[in-house]
Amino acid sequence: GQGYYSLSDFLAQFADPNTGLTIFPTLLIPMGGRFEGMGTAYTAVAGDSGFLESNPSGSSLLESGELSFLHHSWIADSNIEGVIYTMRFNDLGFGVGGKFLYVPFTEYNDWGEREARGYFSESVAILNLSYNFFSSFNFYGLAVGANLKAAYRSVPAAIYPDQSVLTGLLDLGLLTRFNFLKGYASRTKNFSVGLAMKNLGLPALSEPLPTTVTLGIAYSPLRPLIWALDFNLPVSFIPDEAPAERWYLATGLNVTVASFLALQCGFQLKGDNPRVSVGSTIDLAKVSFVLNYNLDLSGRLNPLD
């Protein structure tokens, strides 16, 4: 309608000419969970298995081990499936995970006849290790972590030959927590600062990886409320051929409504296609369910994740 056109026309001035110049878009699409529900503003939160995509140092700070299964309905008929397992031994954190993007694809010739069909897919395997240094009664500690990743893109040769590729990547992260402007009594620190450099690696098929440096803060002014803000700076190692995208912001809220229920919302301002996210988390005795919904200007109502 007219409202959608006016909004799209206004946001067109923020369009980034360097969008889409990197390989492996799977690395930038959240698997789900609170990380997605808070609009990806999770670098300084890292409160559950979502740390694997936001800040690899988070595994050394989790209260308990987790096994997560995640599903993300992306554009049109594309989907992302994910699994994460993490555990902690005192100040040492460990995690493994993976995500899989698949898109059915059919090639037609100029006469509308089907030439080939198959699946375009991207797979990412992740190994995580982190440690919380200097933790004591007076200092929460400085968590340091890293992810080793292997990413594989599969393009059927019948559709386009020599476009499949395998590459390795590295994530690095720092995270600490302390009390700041805290008006309530609690052993939990109410302010967090996180720094992450994600998707470090060499170009694949002459295309750069979506390397991003993120600085995040999270603040809990009230016991049931967490507000987070991430500043993201994309980096390109071949700027002459493929310049990096512009910096962008993400912000999110997590509100604990009851002991078993929390609500999330988030906003990511990136180029000319901002995204709004809402979510809810239901915590049972040993199982949690997270439901998310995203709305952007992609032109369709995305299903629930």
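Placed above this text is the structure.
My aim in this report is to walk through the structure given alongside it, one point at a time. (Residues numbered from 1 in each chain as written. Predicted model: local features only at pLDDT ≥ 70, side-chain atom pairs only at ≥ 80, totals over all residues. Heavy atoms only, no water.)

**As for the overall build of the protein**
Assigned secondary structure in the protein consists of 3 helices and 13 strands. On C-alpha atoms alone, the protein measures out to a radius of gyration of 20 Å, which is about the 19 Å that the 2.2 N^0.38 rule sets for 305 residues. With the C-alpha coordinates of the protein rotated into their principal frame, the extents come out at 70 × 45 × 40 Å. For the protein, long-range pairs separated by at least 24 residues make up 51% of all intrachain contacts whose partners lie at least 6 apart in sequence. As displayed, the protein has an accessible area near 15,900 Å², and 64% of this comes from carbon and sulfur atoms. Looking at charge distribution, the protein has the averaged site of its 18 positive side-chain charges lying 13 Å from that of its 26 negative ones. (Helix = DSSP H or I, 4+ residues; strand = E, 2+ residues; numbered from the N terminus. Rg over C-alpha atoms; globule rule 2.2 N^0.38 Å. Contact = heavy atoms within 4.5 Å. Areas by Shrake-Rupley, 256 points an atom, 1.4 Å probe, with all protein chains shown as cover. Lys, Arg positive; Asp, Glu negative; His and termini not counted. Charge placed at Lys NZ, Arg CZ, Asp CG, Glu CD.)

**Here we look at the pattern of salt bridges**
What the rule picks out here adds up to 4 salt bridges. We note a salt bridge from R34 to D48, for which the minimum N-O separation is 3.5 Å. Pair noted here: R34 is in helix α2 (residues 33-37) and D48 is in the loop between α2 and α3 (51-54), with a separation of 14 residues, a long-range link. Here D48 falls in the buried class, since its relative accessible area comes to 14%. Here K270 makes a salt bridge to E245, at a shortest N to O gap of 3.9 Å. Pair noted here: K270 is in the loop between β11 (261-269) and β12 (275-283) and E245 is in the loop between β9 (225-235) and β10 (248-258), with a separation of 25 residues, a long-range link. Of the residues examined, K270 reaches a relative accessible area of 23% and is grouped as partly exposed. Residue E245 is classed as buried on the basis of its relative accessible area of 16%. (Salt bridge = Lys/Arg side-chain N within 4 Å of Asp/Glu carboxyl O. Buried < 20%, exposed > 50% of the residue type's maximum accessible area, 1.4 Å probe, protein only.)

**Things to note about the nonpolar core**
If you look at the biggest cluster of nonpolar residues, it comprises 29 residues, and the most contacted ones within it are I23, F24, V45, L175 and A228. The set of elements that each furnish at least two residues to this core consists of α3, β4 (114-133), β5 (142-154) and β6 (165-178). Per-element accounting of this core gives the leading share, 3 residues, to β6. (Core = buried A, V, L, I, M, F, W, Y, C linked by side-chain atoms within 4.5 Å.)

**Considerations on the pairing of strand β13 (residues 288-295)**
Across 8 bridges, β12 lies against β13 in antiparallel orientation. Bridging from a neighbouring strand, V278 pairs with Y293 of β13. In this antiparallel pair of consecutive strands, β12 and β13, the connection spans 4 residues. (Pairing = 2+ DSSP bridges.)

**Section: the pairing of β6**
Where β5 lies against β6, 12 bridges are found, and the strand directions are antiparallel. Pairing of A143 across the sheet is with L175, part of β6. Bridge count for β6 against strand β7 (residues 191-200) is 8 bridges, and the pairing is antiparallel. Across the sheet, residue L170 finds its bridge partner in β7, namely L200.

**Examining the environment of L101**
Take L101: it is sitting in strand β3 (residues 92-108). Considering only alpha carbons, one finds L101 and G65, 36 residues apart in sequence, at a separation of 26 Å. Setting aside its immediate chain neighbours within four residues, L101 contacts T26, W74, S78, N79, I80, F120, S121 and E122.

**Comments concerning unusual backbone geometry**
The phi angle at F134 is positive, at roughly 65°, despite the residue not being glycine. Mapped onto the elements of the fold, F134 is located in the loop between β4 and β5. Residue F134 is classed as exposed on the basis of its relative accessible area of 62%. The phi torsion at N199 lies on the positive side, around 65°, for a residue other than glycine. Here N199 is to be found in strand β7. Owing to a relative accessible area of 2%, N199 belongs among the buried residues under this scheme.

**A look at the environment of S8**
Turning to its location among the elements, S8 is positioned in helix α1 (residues 2-11). For the pair S8 and G37, spaced 29 residues apart in sequence, the C-alpha separation works out to 23 Å.

**Some details on the side chain of T214**
Locating T214 in the fold gives a position in strand β8 (residues 211-219). At 2.8 Å, the side chain of T214 forms a polar contact with the side chain of N232. Not counting the four nearest positions on each side in its chain, T214 is found in contact with T43, G194, L195, A196, K198, D230, F231 and N232. (Polar contact = N/O pair within 3.5 Å; in protein donor to acceptor, adjacent residues only side chain to side chain.)

**A few points about the packing of aromatic side chains**
Applying the stated criterion to the full structure yields 8 aromatic pairs. Seen in terms of ring centroids, F133 and F134 are 6.0 Å apart; in terms of plane orientation they differ by 45°. Their pairing is tilted. Taking the centre distance of 5.7 Å and the plane angle of 50° together, the rings of F191 and Y219 count as tilted. With a gap of 28 residues between them, F191 in strand β7 and Y219 in strand β8 connect regions that are remote in the sequence. Accessibility classification places F191 together with Y219 in one group, the buried group. Three or more aromatic residues joined by ring pairs form one cluster here, namely F178, F180, F191 and Y219. (Phe/Tyr/Trp six-rings, centres within 6.5 Å; stacked < 30°, edge-to-face > 60°.)

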